[in-house]
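Okay, here's what each chain looks like letter by letter:
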Protein chains: 2
Amino acid sequence: MKKLIDSAMKRIECDLLLRGAMVFNAFTGITEEKDIAVISGKIAAVGKGYRGAREIDCSGLYALPGLIDSHIHVESCMLSPEAFASLALLHGTTAIVADPHEIVNVCGVQGAEYISEAFSRVRLGESPVLDVYMQLPSCVPATPFETSGAKIGGKETEQELARPLFYGLGEMMNVPAVLGAEDECLQKLSAAKCEGKIVDGHAPALSGEGLNAYACAGIATDHESLTAEECTQKIAAGLYCQLRNGSSARNIQENCRAVNAYNYRRFLLCSDDRTAADLSKYGLMDDAVKKAVACGVPANQAICMATLNAAECYKLKGKGALAAGYDADIVFVTDLKEFCVKRVIKEGELAVEDGKILFPIKERYLPDCVKSTVRIKEIGEKDFMLSVKSGKARALCVLPRSIVTKEAIVSVAEEDGDVCLTGTDCNKIAVVERHFASGNIGLGLVKGYGLRGGAIGITVAHDSHNLVILGDNNRDMARVAQLLKEAGGGMALVNGTREEVFPLDIAGLMSSASAREVIACTSRMNALAREMGVKECYEPFMTLAFLALPVIPALKVTDKGLFDSEKFAFINTEVKEEKA
Amino acid sequence: MKKLIDSAMKRIECDLLLRGAMVFNAFTGITEEKDIAVISGKIAAVGKGYRGAREIDCSGLYALPGLIDSHIHVESCMLSPEAFASLALLHGTTAIVADPHEIVNVCGVQGAEYISEAFSRVRLGESPVLDVYMQLPSCVPATPFETSGAKIGGKETEQELARPLFYGLGEMMNVPAVLGAEDECLQKLSAAKCEGKIVDGHAPALSGEGLNAYACAGIATDHESLTAEECTQKIAAGLYCQLRNGSSARNIQENCRAVNAYNYRRFLLCSDDRTAADLSKYGLMDDAVKKAVACGVPANQAICMATLNAAECYKLKGKGALAAGYDADIVFVTDLKEFCVKRVIKEGELAVEDGKILFPIKERYLPDCVKSTVRIKEIGEKDFMLSVKSGKARALCVLPRSIVTKEAIVSVAEEDGDVCLTGTDCNKIAVVERHFASGNIGLGLVKGYGLRGGAIGITVAHDSHNLVILGDNNRDMARVAQLLKEAGGGMALVNGTREEVFPLDIAGLMSSASAREVIACTSRMNALAREMGVKECYEPFMTLAFLALPVIPALKVTDKGLFDSEKFAFINTEVKEEKA
């Protein structure tokens, strides 16, 4: 503190002086030309007349506080934390609230420890390049209707939340358990309250008494609003509303309409799930701010959502503003419309310059716990047989650019005890349990996906990350299962005789390859799937990954069967004739 | 939590239903007709269709969150905490951030313990009627230039801040020590940082590098801005700006001009110092909100400053909003312009109805530590002699409705080694040390006060609360000292043969009498002083109380002598001829 004050008072020279940028002030919303004096990784002063041991001319650029992604599952980009950190920094995101929900559902708390350790190894000077505020996943498993690789109950939550590793409790997706005031759920929520740690929410379409109850549970945020009106209701209930700019799901455009000058302080930005390709091409919070501005949100409000608001909501000390005493996490952009990132200073160190990262990436950290996580029982063609005697079946109808499905009733014939897909626009979907080799397999039909002549599969399958396979014949589906088992997880595709696999060697969720390679391989896999007929409006593999997510409406498949997430119960694929 | 959720979900009946008020939502700024369901002291729901074991019709009223005074020295009202709590509640203030700077300067930390204990005894159901967030005074003594009753150094600050009793560190008035990065000051600031506790500021006219340094020190608030421009600068530096609606000092009207739709979140309201009469007649935060609205601040922003903003700044859990899960501290007012308080609910209990308090006030708590605190050495007329041989003297020139003074050079004659006041518009002021009977006495001249034919004196004298006596002759001044000694502190007046004393039996700062009596007595004392010629633009006794406050510009008197607060050094009353 002494050094900082001495530097602010000009008694000592600062380490670094950033000269002449248009500095955005998150508190006033005003952008003015100023110099930023930095010492020991912190801002000593924003003003004029300072000198630095090193000086960088920043004229012509806008200086923003390091951007904060208030809710992200890093695993969704399929990149290692090391590769993710580089891309995030390149795009001006210097802090994330990470919910390692995916990897913890596979590896347990060790998965979170791995993410944390991997991020902490990407350093610049004395500090990690990316500040990671880790949430303890609240729903492992997400529901009792599926088999995940781990279980974190009430007692474990109490123990884990007492650790400094965990900053808060991750998104509470089990809305019925909250509204039902179920014991174990309350035990988790109370543990967070007791530790003074924040709880994230996840409550699509919740309103009225349910929303009151959800707020009573102490849940602080939500990123699932489907409409602007829903945002306003949630804000009224005291929740921070996170505008989501994800790859699979986005509500930022629609929900921006709820923002006004009075309530903008209650909005945050987040990505939730972001592919490596989107991250590389469009960015992360830079893209979210840009989208908000394009939707008509004033730039100062939009930037504030990704900076000060996030810091306030999550109580991130030293983050979210460019002012004396704050961490010197500074993003320089060319303008306040496109938000092209030219330079990033992280805790006083030059981290990014002109699209190049300036920090070393060492070898990937790959502990045993995240390796060889695909354990399945011997599986054959007949395991994929699905009987629909009545000729009428429920199918998951996928909606373009959404993770929500709706139920469709389709007419299908049966042949030798198995549904016949020929002549229909249906595929078969199978979810194969992959943590304990239990042999569990859930089957269902998917309408309108378009795939023909083979099968595709992936071990990324929210939330339990069992193996999800979609195809039009049992043989190729069984082969996909076999390939994924051998690869230790990944994406696989079988097209008659052609077989392709892209391994996800980290928990079957992420690849230890470079970002470039991951983007190229996933793109290639998607293109190959596309050649097999998957319609343009669906991202072939990532859409698949959400078809096993039972907390999202309406119809999903888990390793235990077809699930109606509105009734919150299993249901038969076969629609039986109603008796008179 | 279970009960709250069950109640929100309408599975169980709530304790209390407040029907049909126009409910102000601090998050959205919108006021809508809703019911508020309360259980176990908390809001279970804001909505419709709820039922309560008890229901109160609130139609025609506006429901606001309990108002929060973000910075107050309770001692300044001269009321016991018990009497203060009643008046605060009557006026809709349900929480205060209290800085017991005055009593701690007299009694040490025991003074804060007394305040806390006295407040906690005023209860309604299971909870105190007033939530008191106690700050540990940071400047005891305020400066080395005066003698206070206690000293809280760096080490003591570390120890005390570790106690749950203290919520944060009180206003850091020693700006030079902060800017100078002085060891003991940094030790105090670091202790607060270490404990994660907030530090309040006090930095009139600070800007530029000094403001940067002050922010580097981790100081979170300021209530001393003299202009709207100064507010904007402090907000830009990351400080919360407290608009002050005190009795002696006010900046709310001027500084309201700095408020806009973007930055309103960074403003709070406070009273700082408030007399019992103002508190009773005009109110506390109700009056502050009313003033802000009268100055053109939109009502939703003004209310937010006294509710959500304060709760956010100080991280007051469960306070600042009317939403599910929040404490049921609810103020019902007749309109959003006059803010007349009709009803107050405190943690679910009806505390005030139609101007009447509904909670019991037990006997005053009066521990020994706050009694008999006036200890002075034998004092006589000759102790008040002030020599000004040159015929030219510096005088404190009091400014109307301000605690700032300016220096005036006056021509005065000397007679028998003492300044002769006859024919001048000057009074003599004496500050007599009263904690250790050291015999210290500081003398000075006050210009333009108007008092004639006697002396007045008071043991409330910021910040060290020595005895301040003002008069036009030494005999009456000495007699005032004697009277105050005998009374154990208070206000005293001698007018030739007439002698009047109003005792302040609590640390010489506050009276254990009823609010009504305190108001009547102080009013009477002021009227009597007025009869002695004190000009209309000065409040006779309270103006006096600030003349010994060396941290405020420009010229003040302490028990150690005449002090120039701009040069931060003692200075002679006598102006010597400059040598050629």
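As the structure is a prediction and not an experimental result, all values here were calculated from the model.

Now for the interface of chain B and chain A. It is common to report an interface's size as the accessible area lost on association of the parts. If you look at the interface, chain B gives 57 residues, while chain A gives 57 residues. Interface of chain B and chain A: buried area, both sides summed, is about 4,500 Å²; carbon and sulfur atoms make up 59% of it. Per-residue buried area on chain B facing chain A is highest for B:M1, B:Y262 and B:R265; these three make up 19% of the total on that side. At the junction of chain B with chain A, the criterion picks out six salt bridges. The partner of A:E312 in a salt bridge is B:R265, with the nearest N and O atoms 3.3 Å apart. If you look at where chain B meets chain A, you find 24 residue pairs in polar contact (both at pLDDT 80 or more). Those elements that place two or more of their residues in the side of chain B that touches chain A are α1 (2–8), β3 (42–47), α6 (175–179), α7 (183–195), α8 (208–216), α9 (228–236), α13 (299–305) and α14 (308–314) of chain B. Top contributing element to the side of chain B that touches chain A by residue count: α8(B), with six residues.

Attention now goes to a positive patch on the surface. Residues A:K315, A:K317, B:K315 and B:K317 make up a contiguous surface patch of positive charge. Positionally, B:K317 belongs in the loop between α14 and β16 (330–333). Residue B:K317 is classed as exposed on the basis of its relative accessible area, which comes to 70%.

Another aspect to go through is the packing of aromatic side chains. All names here are of chain B. One pass over the structure, following the stated rule, counts 22 aromatic pairs over all chains. Geometrically, the ring pair formed by F27 and Y326 is edge-to-face, given 5.9 Å between the ring centres and 65° between the ring planes. Residue F27 is located in the loop between β1 (14–24) and β2 (31–39), and its partner Y326 is located in the loop between α14 and β16; the two are separated by 299 residues in the primary sequence. Grouping residues by exposure puts F27 and Y326 together as buried. Plain terms: the ring middles of F84 and F119 are 6.0 Å apart, the flat faces sit at 75° to each other, and that makes the pair edge-to-face.

With that out of the way, let us pick up the pattern of salt bridges. Per the stated rule, a full pass over the model turns up 84 salt bridges over all chains. We note a salt bridge from A:R163 to A:E160, for which the minimum N-O separation is 2.8 Å. Residue classification places A:E160 among the buried positions, given a relative accessible area of 15%. Close ionic contact of B:E499 with B:R479 constitutes a salt bridge, the shortest N to O distance being 2.5 Å. Taken as a pair, B:E499 in strand β29 (residues 498–503) and B:R479 in helix α15 (residues 474–487) lie far apart in primary sequence, 20 residues in all. On the accessibility criterion, B:E499 (34% relative accessible area) is partly exposed.

Okay, the confidence of the model for chain A next. Considering every residue of chain A, the mean pLDDT works out to 95; 99% of them sit at 70 or more. Prediction confidence for the complex, expressed as pTM and ipTM, is 0.93 and 0.92 respectively.

Another point: the sheet that holds strand β13 (residues 221–222) of chain A. All names here are of chain A. Read across the sheet, three strands follow the order β13-β14-β15 without closing on themselves; strand pairing throughout is parallel. What marks the edges here is a single partner per strand, and that holds for β13 and β15 (267–270). Relative to strand β14 (residues 240–244), β13 is paired through two bridges, and the arrangement is parallel. If you follow D222 over to β14, its bridge partner there is C241.

Angle between the axes and distance between the axes are the two parameters that describe a pair of packed helices. Residue and element names in this part refer to chain A. The interhelical angle for the contact between helix α5 (residues 154–161) and helix α7 (residues 183–195), taken along N-to-C directions, is 15°, at an axis separation of 8 Å. Our classification of the angle between α5 and α7 gives roughly parallel. Viewed along their axes, α5 and α7 form a crossing whose handedness is right-handed. On α7, the residues that touch G154, K155, T157, E158 and L161 of α5 are E184, Q187, K188, A191, A192 and E195. Its residues assigned to classes, the contact of α5 with α7 comprises three nonpolar, three polar and five charged.

All right, on to the sheet that holds strand β12 (residues 198–201) of chain A then. Residues and elements named next belong to chain A. In spatial order, the strands read β6-β7-β10-β11-β12; together these five strands make up an open sheet with parallel pairing. Lying at the two open borders of the sheet, with one neighbouring strand each, are β6 (67–72) and β12. Between one strand axis and the next, the sheet turns by 30° as a mean value, whatever way the strands run. Of the strand pairs in this sheet, β6 and strand β7 (residues 93–98) are connected by four bridges, and their pairing is parallel. By the bridge assignment for β7, L67 is matched with T93.

Turning to helix α12 (residues 285–294) of chain B, a few remarks are in order. Residues and elements named next belong to chain B. Extensive coverage of α12 is indicated by the burial of eight of its ten residues. Buried within α12 we find M285, D286, D287, A288, V289, K291, A292 and V293. A positive phi of about 105° marks G296, the residue just after α12.

Moving on: the relation of the copies chain B and chain A. Its rotation angle being 180°, the transformation that places chain B on chain A also includes 0.0 Å of axial translation and leaves an RMSD of 0.0 Å. Viewed as a symmetry operation, the transformation between the two copies matches a two-fold axis. Taking C-alpha positions as reference, the residue of chain B nearest the rotation axis is B:A261, located at 2.9 Å. Comparing interface residues between copies, 100% of those in chain B also sit at the interface in chain A, which points to an isologous, same-surface contact.

Parameters at a glance
Residues numbered from 1 in each chain as written. Chains lettered and ligands numbered in written order. Predicted model: local features only at pLDDT ≥ 70, side-chain atom pairs only at ≥ 80, totals over all residues. Heavy atoms only, no water. Contact = heavy atoms within 4.5 Å. Buried area = accessible area lost by both parts, 1.4 Å probe. Salt bridge = Lys/Arg side-chain N within 4 Å of Asp/Glu carboxyl O. Polar contact = N/O pair within 3.5 Å; in protein donor to acceptor, adjacent residues only side chain to side chain. Helix = DSSP H or I, 4+ residues; strand = E, 2+ residues; numbered from the N terminus. Patch = residues over 30% accessible without salt bridge, like charges linked within 9 Å, V, L, I, M, F, W, Y side chains within 5 Å. Areas by Shrake-Rupley, 256 points an atom, 1.4 Å probe, with all protein chains shown as cover. Lys, Arg positive; Asp, Glu negative; His and termini not counted. Charge placed at Lys NZ, Arg CZ, Asp CG, Glu CD. Buried < 20%, exposed > 50% of the residue type's maximum accessible area, 1.4 Å probe, protein only. Phe/Tyr/Trp six-rings, centres within 6.5 Å; stacked < 30°, edge-to-face > 60°. pLDDT = per-residue confidence, 0-100. Pairing = 2+ DSSP bridges. Axes fitted to C-alpha atoms, helices over the stretch in contact; angles between N-to-C directions. Parallel < 35°, antiparallel > 145°, perpendicular 65-115°, else oblique. Left-handed = near helix turned anticlockwise from the far one by under 90°. Nonpolar A, V, L, I, M, F, W, Y, C, P; charged D, E, K, R; others polar. Least-squares fit on C-alpha atoms with pLDDT ≥ 70 in both.

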